[in-house]
Amino acid sequence: MCSIISSKLSNSIKNYFSIINQFAKYSSKKRYYSHGLKVAILGANGKIGQNVAMMLKQSSSVKEIALYDITNTEGLCMELNYIDTNTRVCSYTGHKTLKDALNSEIVRLTKAIQEAGDEVLKAKATGSATLSAAYAVTKFTIALANGLAGQKGVVESAYVSSSVIPNVSYLSTLLELGPQGIQKNLGLPQMSDYECCLLETAIPYLKRDIILGEQYVEKEFKQTGKNKLF
């Protein structure tokens, strides 16, 4: 029995150091997030949450760890901050603080996504973000081909004619694709207050760009004398 327990303990220790080494290898590489990530651990007081927090505390890729649980996380936070690394650990307890634990990370990620193309241009110095654009086109084309072939459950995002938002005649949403093309417009996903605010801000610009696009197409029709553009 003792040998079995010893063997299990040995394997656990090996697994632990294997994970630490993986974090170390990850941290040693230059990543896009050069300033480090903020990671929110929900359920931090659980055994898994505590161990994940302890291991992430040792990764130079993580700038801040937000500990959240319905029970007090201050003790865990204090203990982790005693570990001599540059990663800062913050404590959040109770339902009212969950938004604080997550919101700043949502804002940062949103900005990173919005500016991803510009960041690629800066990093490449010349050219543009053609690889990611080509990947997106290829991914959608394959999904559409699979849907047209009758494959079930094919879902992709596309900018199409839409009635999801009143008076916004075109919108990018998730679509279920099938033999007839668009089988179903799945509409907007559940969004946070922050995301809803961003969408409301974007609507006037969407309407403006749609009008400009329609005017351009109408102008092309008149110039070519055709009843369709292609």
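So, here's what we can say about the structure. Quick caveat, the model's predicted, so the values are computed rather than measured.

**Description of the nonpolar core**
Then, number 1: Ranked by size, the top nonpolar core spans 11 residues in total: I41, A44, A53, L56, V62, I65, L67, L76, C77, L80 and V89.
Then, number 2: Among the secondary structure elements, those contributing two or more residues to this core are α2 (47-56), β2 (62-69) and α3 (74-81).
Then, number 3: Discounting residues that sit within four places of it in the chain, V62 has contacts with L37, V39, L56 and T87.
Then, number 4: Listed in part, the 6 residues of the second largest apolar core include A143, V160, L175 and L177.

**Considering the sheet that holds strand β1 (residues 37-42)**
Then, number 1: One open sheet accounts for 3 strands, arranged β1-β2-β3; its pairing is parallel. Each edge of the open sheet carries a strand with a single partner, namely β1 and β3 (88-93). When the angles between neighbouring strand axes are averaged without regard to direction, this sheet yields 20°.
Then, number 2: Along the sheet, α3 makes contact with β2 and β3, crossing β3 at roughly 175°.
Then, number 3: Each of β1, β2 and β3 is contacted by helix α4 (residues 98-114), which is oriented at about 145° to β1, the strand it contacts most.

**Side note on the environment of V120**
Then, number 1: Mapped onto the fold, V120 is located in helix α5 (residues 116-124).
Then, number 2: Sequence separation between V120 and T130 is 10 residues; the distance between their C-alpha atoms is 9.8 Å.

**Some details on the sheet that holds strand β4 (residues 154-161)**
Then, number 1: Pairing is antiparallel across the open sheet formed by 3 strands, whose spatial order is β4-β5-β6. For this open sheet the edge positions go to β4 and β6 (181-187), each flanked by a neighbour on one side alone. For this sheet, the mean inter-axis angle between neighbouring strands, taken without regard to orientation, is 45°.
Then, number 2: Strand direction decides the pairing type here: strand β5 (residues 170-178) and β6, joined by 5 bridges, are antiparallel. Opposite E176, over in β6, you have K184 as the bridge partner.

The rules behind these values
- Residues numbered from 1 in each chain as written.
- Predicted model: local features only at pLDDT ≥ 70, side-chain atom pairs only at ≥ 80, totals over all residues.
- Heavy atoms only, no water.
- Core = buried A, V, L, I, M, F, W, Y, C linked by side-chain atoms within 4.5 Å.
- Buried < 20%, exposed > 50% of the residue type's maximum accessible area, 1.4 Å probe, protein only.
- Helix = DSSP H or I, 4+ residues; strand = E, 2+ residues; numbered from the N terminus.
- Contact = heavy atoms within 4.5 Å.
- Pairing = 2+ DSSP bridges.
- Axes fitted to C-alpha atoms, helices over the stretch in contact; angles between N-to-C directions.

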